[in-house]
Amino acid sequence: MSRTEAKADRGEKSDTAQLLGRIGMACYGVVHLVIAYLALQVAFGDSEQADQKGALQQIGSTAFGQVLLWILAAGLVLFGLWQFMMAATGYEWVSGGKRTRKRIGAAARGVVVIALGFTAFRIATGSGGGGSGNQSQQEFTAKLLTLPFGPALVVIAAVAVLAVAIASGVKGVKKKFLEDLNTTELPGKTKRWIGGVGTTGYLAKGVVFSIVAILLAIAGFNADPNKAGGLDAALKTLAAQPFGTVLLTVVALGLAAFGAYCFGAAWAHKR
């Protein structure tokens, strides 16, 4: 093992890194609970921004929420850093290609969560935190469309997002997430429900990613970036379907289940 890898390994396994990373994972769970709440509002006719930024803005809408927002911002950045350390030396309980895939997934998750943490910091300081998820997705799509073979590149990106959606669904159905947990460390009845909420949560995220992929594919086929959208657009697209209120309510409960899973995983994730 190289000196850099050895340092990363010591950092990933240290009690302080573990504690801070797990607190951050719980913060990630809080964000999903608020997204679930916003999704329920959309299901019953409210037009709130039902994505990560909307969740952070909702949290920071009160004086107490401003304090909580600072805590969440710090926690999300810490969770992201923990994921980078896991990507460097973690997942020693599996080997071969499976370990490589888990480490790549941790690195990707680290990028997403740290970006979310900095968005929380910007909202907390009043600088706005950038555009909505829909706007960001449309800007990304517009840039792709300006490239040679732009529409094809957008469709390829849609296929990549769909692959993430399928992977999330498979992970939920097969309960692969339990590989990363020491369930014996969970207190009381938590051991019984962690598998159920994890499966429900990953399936809900798979549904949302699938809709994002479909919107992105439509944007590619039509060469129209305005057809693309992020989490907010995906949830509102679902709400607009026949029985949309019921469907979105189910997905919202699934996202809440993922938030609950994050609390359990923060407690029992393997070192």
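Residues numbered from 1 in each chain as written. Predicted model: local features only at pLDDT ≥ 70, side-chain atom pairs only at ≥ 80, totals over all residues. Heavy atoms only, no water.

Student: Sorry if this is basic, but what is going on with the overall build of the protein here?
Tutor: A tally of helices and strands in the protein yields ten helices and zero strands. When the helices and strands of the protein are placed in sequence order, the string is α-α-α-α-α-α-α-α-α-α. Since a compact globule built from 271 residues should have a radius of gyration of about 18 Å, the 19 Å found for the protein is in line with a globular shape. Its C-alpha atoms give the protein principal-axis dimensions of about 50 × 45 × 40 Å. (Helix = DSSP H or I, 4+ residues; strand = E, 2+ residues; numbered from the N terminus. Rg over C-alpha atoms; globule rule 2.2 N^0.38 Å.)

Student: What is the right way to read the packing of aromatic side chains from this model?
Tutor: For the structure on display, the rule yields eleven aromatic pairs. A ring pair is formed by Tyr-28 and Phe-79, whose centres lie 5.5 Å apart and whose planes are at 40 degrees; its orientation type is tilted. Of this pair, Tyr-28 sits in helix 2 (residues 15-43) while Phe-79 sits in helix 4 (residues 63-89); the two residues are 51 residues apart in sequence, bridging distant segments of the chain. Side by side, Tyr-28 and Phe-79 carry an identical accessibility label, which is buried. (Phe/Tyr/Trp six-rings, centres within 6.5 Å; stacked < 30°, edge-to-face > 60°. Buried < 20%, exposed > 50% of the residue type's maximum accessible area, 1.4 Å probe, protein only.)

Student: Would you mind showing me how to read helix 8 (residues 190-222) here?
Tutor: Each α-helix winds once per 3.6 residues, and so residues spaced three or four apart point in a common direction. In a regular helix each residue adds 1.5 Å, so 33 residues correspond to 48 Å; helix 8 covers 47 Å between its end C-alpha atoms and thus fits that length. Where helix 8 terminates, the next one or two residues include Ala-223, which has phi positive at roughly 50 degrees. (Expected span 1.5 Å × (residues − 1).)

Student: Any chance you could explain the pattern of salt bridges here in plain terms?
Tutor: Should the charged atoms of two oppositely charged side chains come close, the side chains can pair. Scanning all chains against the criterion turns up four salt bridges. For Lys-98, the salt bridge goes to Glu-179, with nearest N and O atoms at 3.2 Å. Highlighted residues: Lys-98 in helix 5 (residues 96-124) and Glu-179 in the loop between helix 7 (150-173) and helix 8, separated in sequence by 81 residues. For Lys-98, a relative accessible area of 35% gives the class partly exposed. With a closest N to O distance of 3.1 Å, Lys-102 and Asp-180 form a salt bridge. Of the two residues, Lys-102 sits in helix 5 while Asp-180 sits in the loop between helix 7 and helix 8, which places them 78 residues apart along the sequence. Asp-180 matches Lys-102 in its accessibility class, with the two residues each being buried. Overlapping salt bridges, with partners in common, bring together Lys-98, Lys-102, Glu-179 and Asp-180 in one network. (Salt bridge = Lys/Arg side-chain N within 4 Å of Asp/Glu carboxyl O.)

From the geometry alone we can't say anything about function, so treat these as descriptive.
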